[in-house]
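Read off the chains here:
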Amino acid sequence: MGSGQSSDTLHCNRYLDGNGPPPLVQQAKEGLNGMYRGPSGYQPEGQMTWVILHRDLPGFPDDNTLQMNYIFPDGIQTEKQPHPGQPYAGIRLCAYLPDNRDGRRVLKLLDKAFNEQLLFTVTTNKDGEDMVTTASIPLKTQPDGGSGVDGYPDSDYLKTVRRLLRDKGVE
């Protein structure tokens, strides 16, 4: 898997209830799973890395796969987050893009958005627990299974995420 990371340590399924995510546009407009979403730009400290996987994604049979790894440790909220001074749960998340011209362009945009603290935020879940989750830019967290489980194939994803990033000023 590269970068000295074991596939055992990265858990890439953030929909453990089996229901899958809402459509991308709905995620961007409404938030996700009834969670409170703080304003964009209040991303906690974390790390983004990426590697090339020598396998294709459904819908992109001639391309390798770009796997982005996001790691946010548990932490204490700042004044920019919903409950300053309170703890939040971190997250380890993988996301996938095709390794082609459009996928590399989206990777650069996602990297820029990450550095501008626009991809993740601290939210309060249905149980009242604060945790790190994606902000308003949806990520493909499954390499396959279709758009119903945040996977591929999804012919509109690259175009949709570029538009959502452009709307946030990331070009």
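Data block above holds the structure.
Residues numbered from 1 in each chain as written. Predicted model: local features only at pLDDT ≥ 70, side-chain atom pairs only at ≥ 80, totals over all residues. Heavy atoms only, no water.

Re the overall build of the protein
Check the secondary structure of the protein and you find three helices and eight strands. Sequence-ordered secondary structure for the protein, helices as α and strands as β, is α-β-β-β-β-β-β-α-β-β-α. Surface accessibility of the protein: about 8,600 Å² in total, with carbon and sulfur atoms responsible for 47%. (Helix = DSSP H or I, 4+ residues; strand = E, 2+ residues; numbered from the N terminus. Areas by Shrake-Rupley, 256 points an atom, 1.4 Å probe, with all protein chains shown as cover.)

Some words on the sheet that holds strand 2 (residues 47–53)
Remark on secondary structure: sheet strands pair via backbone hydrogen bonds, oriented parallel or antiparallel. Here three strands make up an open sheet; going across it, the order is 2-3-6 and the pairing antiparallel. Because the sheet does not close on itself, it has two edges, and the strands there are strand 2 and strand 6 (91–99). Recorded for the sheet is a direction-independent mean angle of 20° between the axes of neighbouring strands. Bridging between strand 2 and strand 3 (residues 64–72) involves seven bridges; their strand directions are antiparallel. Residue pairing across strands places Met-48 opposite Tyr-70, the latter belonging to strand 3. (Pairing = 2+ DSSP bridges. Axes fitted to C-alpha atoms, helices over the stretch in contact; angles between N-to-C directions.)

Quick look at the pattern of salt bridges
If you walk through the whole model with that rule in mind, you get five salt bridges. Its salt-bridge partner being Arg-104, residue Asp-99 comes within 2.7 Å of it at the nearest N-O pair. When its relative accessible area of 18% is taken as the criterion, Asp-99 is described as buried. Between Lys-159 and Asp-156 there is a salt bridge, with the nearest N and O atoms lying 3.8 Å from each other. For Lys-159, a relative accessible area of 52% translates into the label exposed. (Salt bridge = Lys/Arg side-chain N within 4 Å of Asp/Glu carboxyl O. Buried < 20%, exposed > 50% of the residue type's maximum accessible area, 1.4 Å probe, protein only.)

Here we look at helix 3 (residues 157–167)
In an α-helix, one turn spans 3.6 residues; hence positions three or four apart end up facing the same way. Listed in full, the buried residues belonging to helix 3 are Tyr-157, Leu-158, Thr-160, Val-161, Leu-164 and Leu-165. Taken around the axis of helix 3, the buried residues stretch over an arc of 165°, which confines them to a single face. Away from its buried face, by an angle of more than 90 degrees, helix 3 presents the exposed residues Lys-159 and Asp-167. (Arc of directions from axis to C-beta.)

Quick notes on the nonpolar core
General note: in soluble globular proteins, nonpolar side chains tend to be found buried as a group. One finds Tyr-70, Leu-97, Leu-110 and Phe-120 to be the most contacted residues of the largest nonpolar core, which totals 36 residues. Contributing elements (two or more residues each) for this core: strand 2, strand 3, strand 6, helix 2 (101–115), strand 7 (120–124) and helix 3. In this structure, Tyr-70 is in contact with Gln-47, Met-48, Ile-91, Arg-92, Leu-93, Ala-95, Leu-110, Phe-114, Leu-119, Phe-120 and Leu-139, ignoring residues within four places of it in sequence. (Core = buried A, V, L, I, M, F, W, Y, C linked by side-chain atoms within 4.5 Å. Contact = heavy atoms within 4.5 Å.)

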